[in-house]
Amino acid sequence: MRALILVGGFGTRLRPLTLSRPKPLVEFCNKALLLHQLEALRQQTGWAPSPPRRPPQPAPHPPLTLCPQLGIRISLSHEKEPLGTAGPLALARDLLAEGGEPFFVLNSDVICEFPFAALAHFHRQHGGEGSLVVTRVEEPAKYGVVVSEADTGRICRFVEKPRVFVSNKINAGLYIFSPGILQRIQLRPTSIEKEIFPAMAQEGQLYAMELQGFWMDIGQPKDFLTGMCMYLQALRAQHPEKLHSGPGVVGNVLVDPSAKIGANCVIGPNVTIGAGVVVEDGVRIKRCTVLKGARIRSHSWLESCIVGWSCSVGQWVRMENVTVLGEDVIVNDELYLNGANVLPHKSIAESVPEPRIIM
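Residues numbered from 1 in each chain as written. Predicted model: local features only at pLDDT ≥ 70, side-chain atom pairs only at ≥ 80, totals over all residues. Heavy atoms only, no water.

**A short note on the overall build of the chain**
Part 1 of the reasoning: Summing up its helical and strand segments, the chain has 8 helices and 28 strands in all.
Part 2 of the reasoning: Counting only C-alpha atoms and orienting by the principal axes, one finds that the chain spans roughly 65 × 45 × 40 Å.
Part 3 of the reasoning: Counting all 359 residues of the chain, 54% fall into the buried class.
Part 4 of the reasoning: Sequence-distant contacts, at least 24 apart, represent 49% of the contacts inside the chain between residues at least 6 apart.
Part 5 of the reasoning: Here the chain displays about 16,100 Å² of accessible surface, and carbon together with sulfur accounts for 50% of that area.
Part 6 of the reasoning: Side-chain charges in the chain split into 36 positive and 33 negative, and the spacing between the mean points of these groups amounts to 1 Å. (Helix = DSSP H or I, 4+ residues; strand = E, 2+ residues; numbered from the N terminus. Buried < 20%, exposed > 50% of the residue type's maximum accessible area, 1.4 Å probe, protein only. Contact = heavy atoms within 4.5 Å. Areas by Shrake-Rupley, 256 points an atom, 1.4 Å probe, with all protein chains shown as cover. Lys, Arg positive; Asp, Glu negative; His and termini not counted. Charge placed at Lys NZ, Arg CZ, Asp CG, Glu CD.)

Next comes the structure, spelled out in structure tokens:
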């Protein structure tokens, strides 16, 4: 069996981080998002993933160089034009059809407790052409929902932003298909959700399996932070030994072993600190991600922020309200940043009291 990971988007919603590297290679909880998915595929299935991508950069990246360690093989299927969410299946048709086995398809900006083994078992049991994972949401009117039979999971229809309650389950962006689906898709820009799934559901060939556990599309900063909180809570339940503990640590905190934290700091809850990060004395951080090589100088206060690679945050700085610093940003001492979105390689010399983009 194989897997196809859709990573060809431009990552505009996660800027300014994606101005420095492709979204699937941005570290989420100290590991590239793509690597979370590759490891889950390897651990649960032992199969070889083959993700297509339209590489924004030609240089090799860690998830690709780690492939020998993971014992997997990756093939890159390069789009010459954006092909939507179904076109890439046609582009990789020869790879996916090889062996006649079912194959996984997943969106690259989804984080959850990946249920690949359970999904494969569910697909074999019902014998249809496709299976998708669904997750429950509290406000279904904001989404397109999936209506399915309670006993079998067979999908009856899809309803876009329903005004009256018909379902509270939405497409979670994880699928498994039999090779027959490839006959439905032409090599052109195609939406699998709008053009392929409705026809499959009408023919009784599409089934839904409900996801157990957390799920989040982390394609934008506020959801990235929410997904981080969910992931750390799941880590607490399943692998608490991976979380950091010690003086000044509150709740779920993940710290790379190479990071350095000074005296009298309060870190947490819900904080991820990356490799080579330096946090000086008296710093307060909660609900934040601090990426590799950043430095937070003494007595600064950060809440609901993403600090990009190699940034420097000065002394007595206050940052909050989903402030995001791109790579190599310098924030001078004693400033206040409220919802600032700062592009890479900028130096901030004055406070940002209202949310805005700093170009």
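**Some thoughts on the nonpolar core**
Part 1 of the reasoning: Judged by nonpolar contacts, the single largest core of 55 residues is most densely connected at Leu 17, Phe 28, Phe 104, Ile 111 and Tyr 231.
Part 2 of the reasoning: Core analysis: the second largest hydrophobic core is formed by 32 residues, Val 277, Ile 285, Ala 294 and Leu 302 among them. (Core = buried A, V, L, I, M, F, W, Y, C linked by side-chain atoms within 4.5 Å.)

**Section: the pattern of salt bridges**
Part 1 of the reasoning: Per the stated rule, a full pass over the model turns up 17 salt bridges.
Part 2 of the reasoning: Residue Arg 136 is joined to Glu 210 by a salt bridge in which the shortest nitrogen-to-oxygen separation is 2.5 Å. Here Arg 136 is found in strand β5 (residues 130–136), whereas its partner Glu 210 is found in strand β9 (residues 206–210), with 74 residues between them in sequence.
Part 3 of the reasoning: Judged by relative accessible area, which is 26%, Glu 210 ranks as partly exposed.
Part 4 of the reasoning: A salt bridge links Arg 154 to Glu 149, with the shortest nitrogen-to-oxygen separation between them at 2.6 Å.
Part 5 of the reasoning: Its relative accessible area of 25% is what places Arg 154 among the partly exposed residues.
Part 6 of the reasoning: Under the relative-accessibility criterion, Glu 149 is labelled partly exposed at 27%.
Part 7 of the reasoning: One network of salt bridges, in which partners are shared, links Arg 13, Lys 23, Asp 109 and Asp 217. (Salt bridge = Lys/Arg side-chain N within 4 Å of Asp/Glu carboxyl O.)

**So, the sheet that holds strand β12 (residues 260–261)**
Part 1 of the reasoning: With parallel pairing, 6 strands are arranged side by side in an open sheet as β12-β15-β18-β21-β24-β27. Each edge of the open sheet is held by one strand with a lone partner, namely β12 and β27 (347–348).
Part 2 of the reasoning: Here strand β15 (residues 278–279) runs beside strand β18 (residues 295–296); their pairing, made up of 2 bridges, is parallel. Note that in β18 the partner of Val 279 across the bridge is Ile 296. (Pairing = 2+ DSSP bridges.)

**Details of the confidence of the model for the chain**
Part 1 of the reasoning: Per-residue confidence for the chain gives a mean pLDDT of 87, with 93% of residues at or over 70.
Part 2 of the reasoning: Across residues 48–63, where pLDDT falls below 50, the model places 54 contacts with residues more than four positions away in sequence or in other chains. (pLDDT = per-residue confidence, 0-100.)

**Thoughts on empty space enclosed by the protein**
If a probe as big as a water molecule is rolled over the atoms, it shows which places are left empty.
Part 1 of the reasoning: Counted by the stated rule, this structure contains 2 cavities of 30 Å³ or more.
Part 2 of the reasoning: Lining the second largest cavity we find Leu 14, Lys 23, Val 26, Phe 28, Leu 33, Ile 218 and Phe 224.
Part 3 of the reasoning: Partitioning the lining of the second largest cavity into residue classes produces 6 nonpolar, no polar and 1 charged. (1 Å grid on protein atoms, 1.4 Å probe; cavity = no way out; pocket = protein on both sides within 12 Å on 5 of 7 lines; lining within 4 Å. Points joined across faces, edges and corners; volume = space filled by probe spheres on them. Nonpolar A, V, L, I, M, F, W, Y, C, P; charged D, E, K, R; others polar.)

**Some words on the pairing of β5**
Part 1 of the reasoning: Counting buried residues along β5, 6 of its 7 residues qualify, which places the element largely inside the surrounding structure.
Part 2 of the reasoning: The pairing of β5 with strand β8 (residues 169–177) spans 6 bridges and is classified as antiparallel. Directly across from Ser 131, in β8, lies its bridge partner Ile 176.
Part 3 of the reasoning: Bridge analysis of β5 against β9 gives 5 bridges, and the strand direction is parallel. Paired with Leu 132 across the two strands is Ala 208, which belongs to β9.

**Let's talk about the environment of Gly 219**
Part 1 of the reasoning: Of note, Gly 219 is situated in the loop between β10 (215–217) and α8 (221–238).
Part 2 of the reasoning: Here the alpha-carbon distance between Gly 219 and Lys 23, two residues 196 residues apart in the chain, equals 7.9 Å.
Part 3 of the reasoning: With residues near it in sequence (within four places) discarded, Gly 219 still touches Arg 13, Leu 14, Lys 23 and Asp 109.

**Remarks on the sheet that holds strand β14 (residues 271–273)**
Part 1 of the reasoning: An order of β11-β14-β17-β20-β23-β26-β28 is seen for the 7 strands of this open sheet, with the pairing classed as parallel. Lying at the two open borders of the sheet, with one neighbouring strand each, are β11 (253–255) and β28 (356–358). Recorded for the sheet is a direction-independent mean angle of 10° between the axes of neighbouring strands.
Part 2 of the reasoning: Each of β11, β14, β17 (288–290), β20 (305–307) and β23 (323–325) touches α8; the most contacted strand, β17, lies at about 95° to it. (Axes fitted to C-alpha atoms, helices over the stretch in contact; angles between N-to-C directions.)

**Overview of the side chain of Thr 272**
Part 1 of the reasoning: As for its placement among the helices and strands, Thr 272 is situated in strand β14.
Part 2 of the reasoning: Taking the relative accessible area as the measure of exposure, Thr 272 reaches 0% and is therefore buried.
Part 3 of the reasoning: Filtering out sequence-adjacent residues up to four positions away, Thr 272 remains in contact with Cys 29, Asn 30, Met 228, Leu 232, Leu 254, Cys 288, Thr 289 and Val 290.

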